[in-house]
Amino acid sequence: MSSILTNNGAMVALQTLKSINTNLTDTQNAISTGKEIANARDNSAIWAISKVMESDVAGFDAVSDSLAVGSSTVAVASVGAEQIVETLKEMKELAVAGQSETADFGKINDDLQEKIKQITAITEGSQFNGVNLLKDDIDGNGGAALTVVSSLDRIGSGAPSVTTISVATLDFTTDLDATSITPITTAATAETAFDEIEAFLTVAIDGAAQLGASGKRIDDQSNFISKLSDAVTSGIGSLVDTDMEAASARLQALQTQQQLGVQALSIANQAPQSIMSLFR
């Protein structure tokens, strides 16, 4: 039955054309924004996952900053500790030289006292951003260890937990008080000073090694966080980013469908005019 009031063919063609136009708009948006899933309406489940992971990536950036500051702080203290080791080695040589009865004890002791002052200066100056791992009070607030945020750990749907690395002070203020070394005035005092310097040298070497191990751990963790952040970012991209090759092919197909849909609607709109031939 033909009707001039109801054009079923035109309604079908119109609905088809509307569907094509909607898909075409979505494809054009995906290409222009670069995101297949730009908001929750596109795919609520995937969008929610991507936002959670994006928040973790932002957290990894903060972790990287913390690790960078921690690495620098430990590196400065490590340089100080290693320099103290070298200074103590020079003091050990002086103590050995002073164990001869023919030594110039005055000059040896003067040199020894200057190196003691140098150790004190190194200990006081080995700070980064106000934190000194060679002192008993590392930050002026009674701190005994440096806490470095090292990771964000997430299990299931719960909130992530913060993992830290703790670097304890070497406390050279107490354990390596060079001012307590016996002045070298005789061969006997030189021998006493030698034993004292040897003990301090052991403390300094152990402390420098400890800082070196802590610094290596922080650097390794920093490298891991950098790679982890890149991997998570890549994973987010695979979830929400537009596949440009596929989108390009889809756009071409939809544009062709749109042209055919317009033609089909035009043909369907002309159908009622054929009824006029019945009244001639």
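It should be emphasised that the depicted structure is a prediction, and the values quoted were computed from it without experimental measurement.

(A) The overall build of the protein chain, seen in detail. When its secondary structure is counted, the protein chain shows 6 helices and 2 strands. In summary, the protein chain has a C-alpha radius of gyration of 38 Å against a globular reference of 19 Å for 280 residues, an excess of more than 25%. Looking at charge distribution, the protein chain has the averaged site of its 16 positive side-chain charges lying 17 Å from that of its 35 negative ones.

(B) Local environment of the packing of helix α2 (residues 44-97) against helix α5 (residues 187-240). Two elements in contact, α2 and α5, have axes separated by 6 Å at closest approach and are oriented at 160°. On the basis of their axis angle, the class for α2 and α5 is roughly antiparallel. For α2 against α5, the interelement crossing comes out left-handed. Residues belonging to the contact of α2 with α5 are distributed by class as follows: 33 nonpolar, 11 polar and 7 charged.

(C) Representation of the packing of helix α1 (residues 8-33) against helix α6 (residues 244-270) in the model. Interhelical geometry of α1 versus α6 gives an angle of 155° and a closest axis separation of 8 Å. It follows from the interaxial angle that α1 and α6 lie roughly antiparallel. As for how α1 packs across α6, the hand of that crossing is left-handed. Split into classes, the residues belonging to the contact of α1 with α6 amount to 16 nonpolar, 10 polar and 1 charged.

(D) The arrangement of α6 in detail. With 27 residues, α6 should reach 39 Å at 1.5 Å per residue; the first-to-last C-alpha distance of 39 Å fits that figure. All buried positions along α6 are accounted for by Ala247, Leu251, Leu254, Gly261, Leu265 and Ala268. Of the surrounding elements, those touching the buried residues of α6 are α1.

So, how was this worked out
Residues numbered from 1 in each chain as written. Predicted model: local features only at pLDDT ≥ 70, side-chain atom pairs only at ≥ 80, totals over all residues. Heavy atoms only, no water. Helix = DSSP H or I, 4+ residues; strand = E, 2+ residues; numbered from the N terminus. Rg over C-alpha atoms; globule rule 2.2 N^0.38 Å. Lys, Arg positive; Asp, Glu negative; His and termini not counted. Charge placed at Lys NZ, Arg CZ, Asp CG, Glu CD. Axes fitted to C-alpha atoms, helices over the stretch in contact; angles between N-to-C directions. Parallel < 35°, antiparallel > 145°, perpendicular 65-115°, else oblique. Left-handed = near helix turned anticlockwise from the far one by under 90°. Nonpolar A, V, L, I, M, F, W, Y, C, P; charged D, E, K, R; others polar. Expected span 1.5 Å × (residues − 1). Buried < 20%, exposed > 50% of the residue type's maximum accessible area, 1.4 Å probe, protein only. Contact = heavy atoms within 4.5 Å.

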